[in-house]
Amino acid sequence: MTQKDLIPKQEPKKIKSGEVTWQSPSNIALVKYWGKKENQIPANPSISFTLGNCRSTTTLKFTEKETSDNTFEFDFFFEGQPKEDFKPKIQKFFQRIEEYCPYLKDYKFEIHSENSFPHSSGIASSASGMSAIAVCLMDLERQLFPEIEEEYFIQKSSFLARLGSGSASRSLEGGLVVWGEHKNIEGSSDEYGVKFPYDVHEIFKTYKDTILLVDKGEKQVSSTVGHDLMHGHPFAENRFAQAHDNLDKLISVLKSGNTQDFIKIVESEALTLHAMMMSSLPYFILMKPNTLEIINKIWEYREKTEIPVCFTLDAGANVHVLYPEIHESKILEFINNELVVYCQNGHYICDQVGIGATKIDN
Ligand code: PMV
């Protein structure tokens, strides 16, 4: 599908008003996206597990304007309260997608959003939040152009979500999602996420992710600033090549279910992401002492028990503990006995591989 195919060509149906609600999850990258080109095109391909419990629920109410003007009209509410500081983000998002959604200026919108995870938990809500808004807009688009097919619906939702926040493009579908062109992954695209198209071993279909909340503070570095730091970064080209290589290796690991090789790739990706931040100008350390304590404890535990548990990190101090479902009770015991002391107020969130965005009946 090319960008031109994403512009509606027919006359829209007349729809005066309505409302739609969708839930969309967060995701956790195994091969990380860090660095982008113009128009939210990733500098390298990435792959993530779609999560199940960390979700945004978003309602989009739309009313046709009496007279069409040349402005975007919308209000944004977060957990029931008007949230003015999020409006510029949506304004920018609407500007970016207007070409593909020419109906945006015909309606006045009310957007209501809430998260299943505590805000200020340090969990990025942009992936779930932006993908939820994108899929709500596509639901309106499908009402305006009822001939839209399911594949187009999902791909364009992901395409729009990407223009809001890159990683949001990987939140529409369940399981494993690839975003960014990779020579050995058929159908992969820089424009939108696609479901990982090859065989996946059963073990990875129900993988667990327990998120240890080490630092619930505001992000020290916005992802926009973070991605920018890869421009002119001394190791950028090698890093991008490494991501291609790691994704290549993951294809066979995901098929065979080899957790030892999975661990090597996933932990190396997490540490490389942070190494990139530490070696950029300006430089940042986003891990906290407790992040390192947890990593060391996981390594010790893995060595001692031979249970294939590993960690990954986002652009922050929280630790995602990844492990096969069959080890859940042992790992939760380990977390409660040994890791919870390193979490802010003892907080952690239990999650696992999920199914992607779902519509909620109004
Ligand atoms: O979607 P953004 O622009 O917030 O970037 C997120 C990047 C990481 O979470 C650090 C890695 C990834 O691939 O999700």
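Model, not experiment: these values are computed from the prediction.

(A) Layout of helix α2 (residues 126-144). With 19 residues, α2 extends 27 Å from end C-alpha to end C-alpha; this agrees with the ideal 27 Å at 1.5 Å per step. Buried residues dominate α2, accounting for 16 of its 19 residues.

(B) The arrangement of the site of the ligand in detail. Around the ligand, the structure places 14 residues, and the nearest of them are Y33, S167, R170, S223 and H227. S223 places a polar side-chain atom, nitrogen or oxygen, 2.8 Å from an oxygen atom of the ligand. The side chain of H227 places a nitrogen or oxygen atom 3.0 Å from an oxygen atom of the ligand. Within the complex, 93% of the 380 Å² of free accessible area of the ligand lies under protein. For the shell around the ligand, the residue count by class is five nonpolar, six polar and three charged.

(C) Structural detail: the packing of α2 against helix α3 (residues 150-164). Where α2 meets α3, the closest approach of the two axes is 8 Å, and the angle between their N-to-C directions is 135 degrees. Our classification of the angle between α2 and α3 gives oblique. Pair α2 / α3 crosses with right-handed handedness. On α3, the residues touching M130, S131, A134, V135, M138, D139, E141 and R142 of α2 are E150, Y152, F153, K156, S157, L160, A161 and G164.

(D) Expanded view of unusual backbone geometry. Cis geometry marks the peptide bond from L281 to P282; its omega dihedral reads -5 degrees. Here P282 is to be found in the loop between α6 (259-278) and α7 (289-305). Its identity as a non-glycine residue notwithstanding, N39 has a phi of 55 degrees, on the positive side. Relative to the assigned elements, N39 resides in the loop between β2 (36-37) and β3 (41-42). Non-glycine residue E306 carries a positive phi angle of around 60 degrees. With respect to the helices and strands, the residue E306 is situated in the loop between α7 and β11 (310-313).

(E) Spotlight on the packing of helix α1 (residues 87-97) against α2. Closest axis-to-axis distance for the α1/α2 pair is 13 Å, and the angle between their directions is 50 degrees. With respect to their mutual orientation, α1 and α2 come out oblique. Judged by the sense of rotation from one axis to the other, the crossing of α1 with α2 is right-handed. Contacts from I90, F93, F94 and I97 in α1 reach M130, I133, A134 and L137 in α2. Broken down by class, the residue content of the contact of α1 with α2 amounts to eight nonpolar, no polar and no charged.

The rules we used
Residues numbered from 1 in each chain as written. Predicted model: local features only at pLDDT ≥ 70, side-chain atom pairs only at ≥ 80, totals over all residues. Heavy atoms only, no water. Helix = DSSP H or I, 4+ residues; strand = E, 2+ residues; numbered from the N terminus. Expected span 1.5 Å × (residues − 1). Buried < 20%, exposed > 50% of the residue type's maximum accessible area, 1.4 Å probe, protein only. Near = heavy atom within 4 Å. Polar contact = N/O pair within 3.5 Å; in protein donor to acceptor, adjacent residues only side chain to side chain. Areas by Shrake-Rupley, 256 points an atom, 1.4 Å probe, with all protein chains shown as cover. Nonpolar A, V, L, I, M, F, W, Y, C, P; charged D, E, K, R; others polar. Axes fitted to C-alpha atoms, helices over the stretch in contact; angles between N-to-C directions. Parallel < 35°, antiparallel > 145°, perpendicular 65-115°, else oblique. Left-handed = near helix turned anticlockwise from the far one by under 90°. Contact = heavy atoms within 4.5 Å.

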